[in-house]
Amino acid sequence: TYSISELAKEFDVTTRSIRFYEDQELLRPTRRGQTRIFSSKDRVRLKLILRGKRMGFSLAETKELFDLWDETLSGNEKQLLKMLTILENKRAQLEQQKNDIAQAEMEMDTAEARCREALAELQKKKKQQAPAKEEARQTAEN
């Protein structure tokens, strides 16, 4: 068994996060008075919740998978098909994000090139005008 602080430390999350997952019925610790006692199953679930978050799963999706698993002793075809559907959708979202990022980078490259060209042109004009200004200043002094 594990205390809330042990799990928080092990997975580098706050105790508040763990309590939130409990409120969302993703974790189901037993209680001894006011103390939460987490089982090995809760520990595995917390690990899966955090892995799911990194993969972009919503807590609702994670809960749905947990609920499907809880319907049987070892999961079932429905759960596996649901997981495959979610993974397929997440992969499609990631592909779109990659394409969006590539497009944004191309646009930034174009904008940067234009800015550099404009800056070089301004600096060139500034250098050309400097001798003329100096000559005009000297003429004005004489």
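A.B. asks: Got a minute to help me understand helix 3 (residues 40–54) in this structure?
C.D. replies: For an α-helix, 3.6 residues make a turn, and residues three or four places apart therefore share a direction. In a regular helix each residue adds 1.5 Å, so 15 residues correspond to 21 Å; helix 3 covers 21 Å between its end C-alpha atoms and thus fits that length. Within helix 3, burial applies to Asp42, Arg45, Leu46, Ile49, Leu50 and Gly52. Down the axis of helix 3, the smallest arc covering the buried residues is 160°, so these residues share one side. Sitting at the amino-terminal end of helix 3 is serine 39, which places a side-chain oxygen 3.3 Å from the backbone nitrogen of lysine 41.

A.B. asks: Would you explain helix 5 (residues 77–141) in this entry?
C.D. replies: The end-to-end C-alpha distance of helix 5, which contains 65 residues, comes to 94 Å, matching closely the 96 Å that a straight helix rising 1.5 Å per residue would cover. Regarding helix 5, the residues found buried are Gln79, Ile86 and Lys90.

A.B. asks: Even after reading the chapter, I still don't get unusual backbone geometry, so can you show me in this structure?
C.D. replies: Although it is not a glycine, aspartate 12 sits at a positive phi angle of roughly 55°. Within the secondary structure, aspartate 12 is located in the loop between helix 1 (4–11) and helix 2 (15–23). Of the residues examined, aspartate 12 reaches a relative accessible area of 71% and is grouped as exposed. Look at glutamate 25: it is not a glycine, yet its phi comes out positive at around 65°. Examined against the element boundaries, glutamate 25 turns out to sit in the loop between helix 2 and strand 1 (30–32).

A.B. asks: Looking at this structure, I do not really get the packing of aromatic side chains. What am I missing?
C.D. replies: What describes a pair of aromatic rings is the distance from one ring centre to the other and the angle between the planes of the rings. Under the criterion given, the structure shown has one aromatic pair. The cationic tip of arginine 45 hangs over the ring face of phenylalanine 66; the distance from NZ or CZ to the ring centre is 4.4 Å.

A.B. asks: Explain the pattern of salt bridges here, please?
C.D. replies: Side chains carrying opposite charge are able to pair once their charged atoms draw close together. Applying the stated criterion to the full structure yields eight salt bridges. For arginine 31, the salt bridge goes to glutamate 22, with nearest N and O atoms at 3.2 Å. Here arginine 31 falls in the partly exposed class, since its relative accessible area comes to 43%. Given the relative accessible area of 15%, glutamate 22 is considered buried. Between arginine 36 and glutamate 22 there is a salt bridge, with the nearest N and O atoms lying 2.4 Å from each other. Pair noted here: arginine 36 is in strand 2 (residues 35–37) and glutamate 22 is in helix 2, with a separation of 14 residues, a long-range link. Across the pair, exposure class does not vary: arginine 36 and glutamate 22 are buried alike. Through salt bridges with shared partners, a single network forms among Glu22, Arg31 and Arg36.

Reading the values: rules and limits
- Residues numbered from 1 in each chain as written.
- Predicted model: local features only at pLDDT ≥ 70, side-chain atom pairs only at ≥ 80, totals over all residues.
- Heavy atoms only, no water.
- Helix = DSSP H or I, 4+ residues; strand = E, 2+ residues; numbered from the N terminus.
- Expected span 1.5 Å × (residues − 1).
- Buried < 20%, exposed > 50% of the residue type's maximum accessible area, 1.4 Å probe, protein only.
- Arc of directions from axis to C-beta.
- Polar contact = N/O pair within 3.5 Å; in protein donor to acceptor, adjacent residues only side chain to side chain.
- Phe/Tyr/Trp six-rings, centres within 6.5 Å; stacked < 30°, edge-to-face > 60°.
- Lys NZ or Arg CZ within 6 Å of the ring centre and 35° of its normal.
- Salt bridge = Lys/Arg side-chain N within 4 Å of Asp/Glu carboxyl O.

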